[in-house]
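Each chain, written out:
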Amino acid sequence: MLKKILVVFLAALLALMPLAYANGQTEKDNIDKVLDYIDGKIEDMGSSTASSLLDIAKNNYSRAVNTFFANLDGDLEGRLSGKGISQTTIENAVNAVEGDGFYSDTKSYINETMNRDTYKPILQDEFDKVFKDPDAPLKDFDDSVMSELYFDGWKNFLSDLKELEINLQGNAIEIKYYEATNTLRVNEKTTGALKTTLNVFLSDNGLNILSDGEVLSLISAANAVLAELSSDETATLKTALTGLGYTVTTISEPTEPTEPTEPTEPGGGTGGGGGGGGTTPEKPAVVTPKDTTQPISVNIPSDEVSITVSDGKAVVTLSTSTVNTVLKLIDEAAETAEDEDRPLVITIDLSSSKKITEDTQINIPASIIEKAGEVNANILVILPEVSIEIPAAAVSVGDAENLVIAVQQIKTGKALSGITLPAGMTAVGDAADIVVKTDGGNAKITGKITIYFDLKDITANADKLGIYYVNGDKKTIEFVGGKVNKGEDTIRASVSHFSTYALIEYNKTFADRSRQVILGFFVRPLPTLYRTSKRN
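A brief report on the enclosed structure follows. The model shown is predicted, which means the values in this text are computed figures rather than measured ones. (Residues numbered from 1 in each chain as written. Predicted model: local features only at pLDDT ≥ 70, side-chain atom pairs only at ≥ 80, totals over all residues. Heavy atoms only, no water.)

One open sheet accounts for three strands, arranged β2-β1-β3; its pairing is mixed. Looking at the sheet topology across the chains shown, the edges are occupied by β2 (183–188) and β3 (248–251). Pairwise comparison of adjacent strand axes, ignoring direction, gives a mean angle of 30° for this sheet. In this structure, strand β1 (residues 173–178) lies alongside β3, joined through four bridges in parallel fashion. For Tyr177, the partnering residue across the bridge sits in β3 and is Thr250. Packing of helix α13 (residues 231–243) onto the sheet brings it into contact with β1, β2 and β3, and relative to β2 it is tilted by some 45°. (Pairing = 2+ DSSP bridges. Helix = DSSP H or I, 4+ residues; strand = E, 2+ residues; numbered from the N terminus. Axes fitted to C-alpha atoms, helices over the stretch in contact; angles between N-to-C directions. Contact = heavy atoms within 4.5 Å.)

Turning our eyes to something else, we now look at the pairing of strand β21 (residues 490–495). The element β21 is extensively covered by neighbouring structure, given that six of its six residues are classed as buried. Relative to β21, strand β17 (residues 449–454) runs antiparallel, the two being bridged by six bridges. Looking across to β21, one finds that Phe453 is bridged to Ile491. Summarising the sheet, strand β20 (residues 483–485) and β21 pair through three bridges and their orientation is antiparallel. When the sheet's bridge partners are listed, Asn485 is paired in β21 with Thr490. Connecting the antiparallel pair β20 and β21 is a turn made up of four residues, with Asp489 showing a positive phi of about 55°. (Buried < 20%, exposed > 50% of the residue type's maximum accessible area, 1.4 Å probe, protein only.)

For Thr242, the location among the structural elements is in helix α13. Each C-alpha atom of the pair Thr242 and Ile175 lies 9.9 Å from the other, and the pair is 67 residues apart in sequence.

Before going further, it helps to examine the nonpolar core. If you look at the biggest cluster of nonpolar residues, it comprises 69 residues, and the most contacted ones within it are Leu72, Leu138, Phe141, Phe151, Leu184 and Leu194. The greatest single-element share of this core, amounting to nine residues, is contributed by helix α4 (residues 47–70). Excluding residues that lie within four positions of it along the chain, Leu184 makes contacts with Ile175, Lys176, Tyr177, Asn223, Leu226, Thr234, Leu237, Lys238, Leu241 and Val248. In terms of nonpolar packing, the next biggest core, distinct from the first, is built from 63 residues, Ile405, Ala432, Phe453 and Ala493 among them. (Core = buried A, V, L, I, M, F, W, Y, C linked by side-chain atoms within 4.5 Å.)

For the rest of this paragraph, the subject is the pattern of salt bridges. The final tally for this structure, using the stated rule, is 12 salt bridges. For Asp331, the salt bridge is made with Lys371, and the minimal N-O distance between the two is 3.2 Å. You can see Asp331 sitting in helix α14 (residues 320–340) and its partner Lys371 sitting in helix α15 (residues 366–374), a full 40 residues away along the chain. A salt bridge links Asp430 to Lys411, with the nearest nitrogen and oxygen atoms 3.7 Å apart. Separated by 19 residues along the polypeptide, Asp430 in strand β14 (residues 425–438) and Lys411 in strand β13 (residues 402–411) bring together distant segments of the chain. Under the relative-accessibility criterion, Asp430 is labelled buried at 14%. (Salt bridge = Lys/Arg side-chain N within 4 Å of Asp/Glu carboxyl O.)

Moving on, we get to the sheet that holds β17. If you walk across this open sheet you meet the eight strands as β4-β5-β8-β10-β11-β17-β21-β20, and the pairing is mixed. Taken across any chain shown, the strands that pair with only one partner, and hence form the sheet edges, are β4 (285–287) and β20. Ignoring which end each strand starts from, the neighbouring axes of this sheet average 25° apart. Taken together, the three bridges between β4 and strand β5 (residues 296–301) define a ladder with antiparallel strand orientation. Paired with Ala285 across the two strands is Asn299, which belongs to β5.

A few words now on the pairing of strand β18 (residues 465–471). Among the seven residues in β18, seven count as buried, and that is most of the element. Going residue by residue along β18, you find Leu465, Ile467, Tyr469 and Asn471 tucked away on one face and Gly466, Tyr468 and Val470 tucked away on the opposite face as well. Pairing of β18 with strand β22 (residues 500–506), which is carried by six bridges, proceeds in the antiparallel orientation. Each bridged residue has a counterpart across the sheet, and for Tyr468 the counterpart in β22 is Ala502.

Time to look at the environment of Asn378. With respect to the helices, strands and loops of the structure, Asn378 is situated in strand β10 (residues 378–382). Residue Asn378 is classed as buried on the basis of its relative accessible area, which comes to 9%.

This next bit is on the packing of helix α11 (residues 193–203) against helix α12 (residues 212–227). For any two helices packed against each other, the geometry is given by the interaxial angle and the distance between the axes. Running from N to C, α11 and α12 cross one another at 105°; their axes reach a closest spacing of 10 Å. Our classification of the angle between α11 and α12 gives roughly perpendicular. Along its contact with α11, which presents Leu194, Lys195 and Leu198, the element α12 presents Asp212, Val215, Leu218 and Ile219. Of the residues contributing to the contact of α11 with α12, the split by class is five nonpolar, no polar and two charged. (Parallel < 35°, antiparallel > 145°, perpendicular 65-115°, else oblique. Nonpolar A, V, L, I, M, F, W, Y, C, P; charged D, E, K, R; others polar.)

Before going further, it helps to examine the side chain of Arg342. Inspection of the secondary structure puts Arg342 in the loop between α14 and β8 (344–349). With a relative accessible area of 7%, Arg342 lands in the buried category. At a separation of 2.9 Å, a polar atom in the side chain of Arg342 contacts the main-chain carbonyl oxygen of Pro289. One polar contact links the side chain of Arg342 to the main-chain carbonyl oxygen of Thr292, over a distance of 3.3 Å. (Polar contact = N/O pair within 3.5 Å; in protein donor to acceptor, adjacent residues only side chain to side chain.)

To continue, consider the side chain of Thr347. Locating Thr347 in the fold gives a position in strand β8. Among the polar contacts made by the side chain of Thr347, one reaches the side chain of Ser297 at a distance of 3.0 Å.

Now for the packing of α4 against helix α7 (residues 102–110). At their nearest, the axes of α4 and α7 sit 9 Å apart, and the two run at 170° to each other. Taken together, the axes of α4 and α7 lie roughly antiparallel to each other. Only Tyr103, Thr106, Lys107 and Ile110 of α7 make contact with α4, whose side of the interface consists of Ser47, Ala50, Ser51, Leu54, Asp55 and Lys58. Here the contact of α4 with α7 is composed, by residue class, of four nonpolar, three polar and three charged.

Geometric values such as these leave the question of function open.
Here's what the structure looks like:
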């Protein structure tokens, strides 16, 4: 299921899916039917677009897969991993394909410089290397999902996938192209449509169905990948999707700015975006950025919260009147967000408050969490050095009165005590210990949170920065991500557990180059040598 979604959303149709179709029938002679299918897709898109799409898949797969899984619901990620689909297995599969020239062979076939008879055995061999050979990266997927228990073979699997694609195009999703920013976004055509379509596909084949939060995380993950494409890549993908039968609606650039101006807040993420030098309202207010790809925000400024400081700890609370105002504003903003097909975020902006200390606790009333969850809004808390964004729909506070976000700034020397950083790594700024709970105990969170580090006072090279999980017990660090937004001076990562995180600059040496996961060019280093445990 994930492979098909990656096809639709990440434009990887010509990267791995031809391999799946290579074994769509039990006899290899039927590979001609497979190539008929591929030829039809190339004809729909045009050979030039198909060739460019293949280049996009090749050049962006590592970043795209990393971004996709970083934004995926933790429970869903675990379920997929149990079926043999994980970030590692997908990366290994694409590496295996690239390693023996399959991309260049496929491009030659697209451009008609390689004939069908030459390409057929290449396609079949690649399928075996990815799915069937004893050390094939996706053999676990082949052994489990293709078993009699679920699809009972590739032929049935592919038949159901074709039907799923038709249903996705017709009933479940809509794709919008925003002229103002040259970006694409995907969303459910109507509330619950994607969930229903996917769950029919899954339940018909004996697989566990998806929750609302898991479906939202799929949409969020796809849009996070789309947001990272360049303008030229977006244009190519738009052309390809249109050719493949998807309806892409163009949203024209607005002729007049929308008031009020957008707030200053961390960039990127599912609901974080915005920024751009705007002003933050003095009272709780709905803020609609001019950029239509950015979320609608219900902003709660620091002057509208109560901050008490005792023994160096700042505690933030909201008055009853403020809560009532915010609840009304959420209803108002939700209507605007739905009409304009934009995300919604509830922003508590404490970045300018002089009362915020290195040890801060923010108490958010359960009524706001519940209301935000009903309209699929995110909760964004902005502190001077660190910000936290949480999908409200993924939070359950039970009978507690408040969701509690506790953030403690820790000097890196103390946070990394007993940990020797590898050569080339330097900790910068302060580390942050982040805990999300309720005032009655633990909060149940089924999705990932996004953490932002502010870079305004950081002198390190932003292109070499990463966010690392600090495991104080095992005395290890683990890279969790690091998407830099230079316009907003932030770096972000999506994490699935609460702990201490540090900002580290990695100046890679020449000897480290062999450790990069790349296809044809060097990207920001991925220091996997120092990942001592799997991401939770």
